[in-house]
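The chain contents come next:
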Amino acid sequence: MSETIIRHHWSGDEIAALFALPFNQLLHRAHEVHRTHHDENAVQVSTLLSIKTGGCPEDCAYCPQAARYDTGVQAHKLMSVDAVLVRAKAAREAGASRFCMGAAWRGPKDRDIARVVEIVRAVKSLGLETCATLGLLGEGHAQKLKDAGLDYYNHNIDTAPDFYGEVIHTRDFQDRLNTLKQVREAGLKTCCGGIVGMGETRAQRAGLLQALANLPAHPHSVPINHLVAVAGTPLADAEKLDPFEFVRTIAVARILMPCSVVRLSAGRQKMDDAVQALCFYAGAGSIFYGEKLLTTDNPQMERDQALFQRLDLYPVESKSMEETVIVRADSMMMTDRCAHESCEEAA
Ligand code: SAM
Ligand code: DTB
Ligand code: SF4
């Protein structure tokens with residue numbers, strides 16, 4: 001058992017100072033936090049499926065599924081329950097513990113939610129954890145998904161508030177926060193992170209992490225995506241990010257949100273195994289597993305299996321975490337809940 005202060009009021013200066021630490025010092029500190037709260041050899045494995053692909057009316061500059069960009073993505077309407085089940089069973093057999101379903105919508109309509117509810121019920125009945133990412137939710141949608149057995153809702157804030165307007169113009173940062181509030185209030189677990197490597201500054205990477213860590217509750221899962229630069233999108237030629245800066249971002253996320261599971265998300269296909277190993281050391285405790293993310297390539301399963309073997313990592317259910325005692329930062333924080341289930345019980 002260890003004592004941890006879960007903080008929701010990180011200042012920009014504090015986060016900038018973490019980013020500026022000598023690399024080895026930052027990694028050492030992040031790893032200490034990691035192994036205090038998590039099994040450092042365990043990696044939670046999620047598999048993604050795009051259940052509704054392309055044709056999206058939004059203008060997210062990174063996204064190959066926006067209808068307005070010519071990216072060669074073939075649009076596909078919402079998949080049937082049976083077709084999703086085939087893919088979910090295959091993911092379970094391959095060793096995934098969570099099945100994440102993505103839809104290229106600005107947000108679902110009521111009739112879409114009714115169909116996704118059927119899909120969630122069916123996937124849940126296989127014994128998999130379920131996650132959905134459907135965009136901005138309308139009145140009552142989160143509750144319907146929760147009632148269907150959905151475990152997690154993924155909704156990324158994507159980048160720092162002061163960079164958001166340079167990347168997306170069809171919705172604003174506050175829209176994302178509103179959906180996250182609805183997700184929390186319905187009792188769904190939140191999966192919320194962002195993308196780096198979009199040409200943002202280090203201060204903006206810090207701003208993304210600050211916005212995540214200062215949410216009313218730390219997300220249960222924090223996906224840190226490296227931009228997958230896709231031809232035809234406005235960010236196709238984004239300036240390359242130093243891989244060690246990506247590792248630093250994982251490390252700082254680990255320190256700011258000690259009980260959350262940080263996911264080394266998109267971008268692994270082009271990432272060296274050694275860089276991935278550093279990400280696991282820095283505190284990544286989850287990956288997307290399977291040959292495709294939503295529309296872009298992810299490492300072949302054999303490559304990931306070999307990497308796990310070489311690094312003595314093993315896939316686990318997201319529930320198997322160590323017990324931790326949470327010491328509140330101050331009395332104003334008494335209503336906060338740590339993302340980690342056993343921490344909630346101990347708090
Ligand atoms: N349409 C919904 C939405 O935007 O919330 C759900 C699907 S959307 C594809 C899910 C997330 O994928 C985005 O929030 C973004 O973080 C991530 N994403 C999309 N394109 C990406 C890319 N090219 N590289 C890295 N991450 C990407
Ligand atoms: C998240 O943070 N990353 C995933 C998942 N949540 C939905 C999506 C990555 C998408 C990468 C681009 C593509 O494959 O279309
Ligand atoms: Fe649409 Fe989501 Fe892609 Fe934005 S990220 S264009 S909302 S699918």
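K.L.:
Quick rundown of the site of ligand 2? Include the residues and the values.
P.N.:
Taken together, the neighbourhood of ligand 2 is formed by L48, P64, T133, N154, N156, P223, N225, F288, L293, L294, T295 and T296. N156 is positioned with one of its side-chain polar atoms (N or O) 2.8 Å from an oxygen atom of ligand 2. Coverage of ligand 2 by the protein amounts to 88% of the 410 Å² it exposes when considered alone. Here the residues of the shell around ligand 2 are counted per class, giving 6 nonpolar, 6 polar and no charged.

K.L.:
So what about the packing of helix α1 (residues 12-19) against helix α9 (residues 243-256)? Which residues, and what values?
P.N.:
It is at 9 Å that the axes of α1 and α9 come closest, and there the two elements cross at 130 degrees. In terms of orientation, α1 and α9 fall into the oblique class. The handedness of the crossing between α1 and α9 comes out as right-handed. Of the residues in α9, those in contact with I15, L18 and F19 of α1 are E245, R248, T249, V252, I255 and L256. A class-by-class count of the residues in the contact of α1 with α9 yields 6 nonpolar, 1 polar and 2 charged.

K.L.:
Account for the nonpolar core, naming residues and giving values.
P.N.:
Formed by 95 residues in total, the largest nonpolar core has its most connected members in I51 and Y62. The greatest single-element share of this core, amounting to 8 residues, is contributed by α9. Ignoring anything within four residues of it in the chain, the contact list for I51 reads K77, L78, M79, V84, M101, G102, A103, V116 and I119. Of all hydrophobic cores here, the second largest spans 7 residues; its members include L48, A266, F288 and L293.

K.L.:
So what's going on with the site of ligand 3? Which residues, and what values?
P.N.:
Looking at ligand 3, the residues that line it are C56, E58, C60, Y62, C63, A66, A104, W105 and R171. Across the shell around ligand 3, the residue classes break down as 7 nonpolar, no polar and 2 charged.

K.L.:
Got a sec to walk through the pattern of salt bridges? Specific residues and values, please.
P.N.:
One pass over the structure, following the stated rule, counts 17 salt bridges. A salt bridge links R205 to E200; the shortest N-O distance between them is 2.9 Å. Residue classification places R205 among the buried residues on the basis of a relative accessible area of 7%. Overall, E200 belongs to the buried group, its relative accessible area being 7%. Measuring nitrogen to oxygen at the nearest pair gives 2.8 Å for the salt bridge that ties R268 to D304. Of this pair, R268 sits in the loop between β9 (261-264) and α10 (273-282) while D304 is found in helix α11 (residues 301-311), placing the two residues 36 residues apart along the sequence. Judged by its relative accessible area of 2%, D304 is buried. One continuous salt-bridge network, built from bridges that share partners, spans E58, R106, D158 and R171.

The rules we used
Residues numbered from 1 in each chain as written. Chains lettered and ligands numbered in written order. Predicted model: local features only at pLDDT ≥ 70, side-chain atom pairs only at ≥ 80, totals over all residues. Heavy atoms only, no water. Near = heavy atom within 4 Å. Polar contact = N/O pair within 3.5 Å; in protein donor to acceptor, adjacent residues only side chain to side chain. Areas by Shrake-Rupley, 256 points an atom, 1.4 Å probe, with all protein chains shown as cover. Nonpolar A, V, L, I, M, F, W, Y, C, P; charged D, E, K, R; others polar. Axes fitted to C-alpha atoms, helices over the stretch in contact; angles between N-to-C directions. Helix = DSSP H or I, 4+ residues; strand = E, 2+ residues; numbered from the N terminus. Parallel < 35°, antiparallel > 145°, perpendicular 65-115°, else oblique. Left-handed = near helix turned anticlockwise from the far one by under 90°. Contact = heavy atoms within 4.5 Å. Core = buried A, V, L, I, M, F, W, Y, C linked by side-chain atoms within 4.5 Å. Buried < 20%, exposed > 50% of the residue type's maximum accessible area, 1.4 Å probe, protein only. Salt bridge = Lys/Arg side-chain N within 4 Å of Asp/Glu carboxyl O.

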